[in-house]
Amino acid sequence: MNSRLRVVWSFLSHYKYLIVVVLGILVVGFLDENSFMKRIQYEMQIDDLEVQISKYNKQHDADAKKLREIKRNPKAIEKIARERYFMKASDEDIFVLSDDEKPTEEQNETTE
């Protein structure tokens, strides 16, 4: 028992600096709150957020442009009402065309 303790103590005393360096790298690299792993995760999160920021900035610019157009031109309000809400003047008829295909009886029979 005593000889094993001496062997372990000899090993620890001989490689004490190496052990401290390895433990320090492990703590800083993986276990610490400011570890390299967390730093990489934060960098990836920052990149994703920057992409979202640019997307929202583009959307904001487009919406601001539309808003300026609506404020300056009363015909723009009419155009938006016609396109989005299917509003019409009293002397007009609106036909809404759909690209959706309704299933026929032949298609229903082949899927069953």
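Right above here is the structure, for reference.
This section reports on the structure supplied with the text. Just so it is clear, the model here is predicted, and its values are computed rather than measured. (Residues numbered from 1 in each chain as written. Predicted model: local features only at pLDDT ≥ 70, side-chain atom pairs only at ≥ 80, totals over all residues. Heavy atoms only, no water.)

Comments concerning the packing of helix H3 (residues 36–72) against helix H4 (residues 74–85)
Which entries qualify depends on this criterion: Under this scheme, a helix contributes an axis fitted over its contacting stretch, all axes are lines through C-alpha atoms, and angles between N-to-C directions fall in the 0 to 180 degree range. A run of H or I in DSSP becomes a helix once it reaches four residues, and a run of E becomes a strand once it reaches two; helices and strands are each numbered from the N terminus. Note on contacts: a residue pair is in contact if any heavy atoms of the two residues lie within 4.5 Å.
One way to put it is that H3 packs onto H4 with a least axis distance of 5 Å and a crossing angle of 120°. Side by side, H3 and H4 meet where Lys66, Glu69, Ile70 and Arg72 of the first sit next to Pro74, Ala76, Ile77, Ile80 and Arg84 of the second.

Examining the environment of Val28
Where we set the bar: Partly exposed residues are those whose accessible area sits between 20% and 50% of the maximum for their type, while under 20% is buried and over 50% is exposed, using a 1.4 Å probe and protein chains only.
In this structure, Val28 sits in helix H2 (residues 16–31). Residue Val28 is classed as partly exposed on the basis of its relative accessible area of 40%. Residues in contact with Val28, not counting those within four places in the same chain, are Asn34, Ser35 and Phe36.

Observations concerning a negative patch on the surface
Test applied: Surface patches are drawn from residues lacking salt bridges whose relative accessible area is over 30%; two like charges belong together within 9 Å, two nonpolar side chains (Val, Leu, Ile, Met, Phe, Trp, Tyr) within 5 Å. All accessibility values rest on the Shrake-Rupley procedure with a 1.4 Å probe; residue burial counts only the protein chains present in the view. The working definition used for a salt bridge is a side-chain nitrogen of Lys or Arg within 4 Å of a carboxyl oxygen of Asp or Glu. Charge counting treats Lys and Arg as positive and Asp and Glu as negative, with His and both chain ends excluded. One atom stands in for each charge, and that atom is NZ of Lys, CZ of Arg, CG of Asp or CD of Glu.
Residues Glu43, Asp47, Asp48 and Glu50 make up a contiguous surface patch of negative charge. You can see Asp47 is positioned in helix H3. Residue Asp47 is classed as partly exposed on the basis of its relative accessible area, which comes to 43%.

A word on the packing of aromatic side chains
A ring pair, where both rings are aromatic, is described by two values, the distance of the centres and the angle of the planes. Stated formally: The aromatic pairing rule takes the rings of Phe, Tyr and Trp, using the six-membered ring of Trp, and pairs them if the centres are within 6.5 Å, calling planes under 30 degrees apart stacked, those over 60 edge-to-face and the rest tilted.
Taken as a whole and assessed by the stated rule, the structure comprises one aromatic pair. Plain terms: the ring middles of Phe11 and Tyr15 are 5.0 Å apart, the flat faces sit at 55° to each other, and that makes the pair tilted. Using a relative accessible area of 35% as the deciding quantity, one classes Tyr15 as partly exposed.

Describing helix H1 (residues 2–14)
Note the cut-off: To estimate the expected span of a helix, count its residues, drop one, and scale the result by 1.5 Å.
An ideal rise of 1.5 Å per residue puts 18 Å on 13 residues; H1 measures up with 18 Å between its terminal C-alpha atoms. Burial analysis of H1 places just zero of its 13 residues in the buried class, which makes it a mostly uncovered element.

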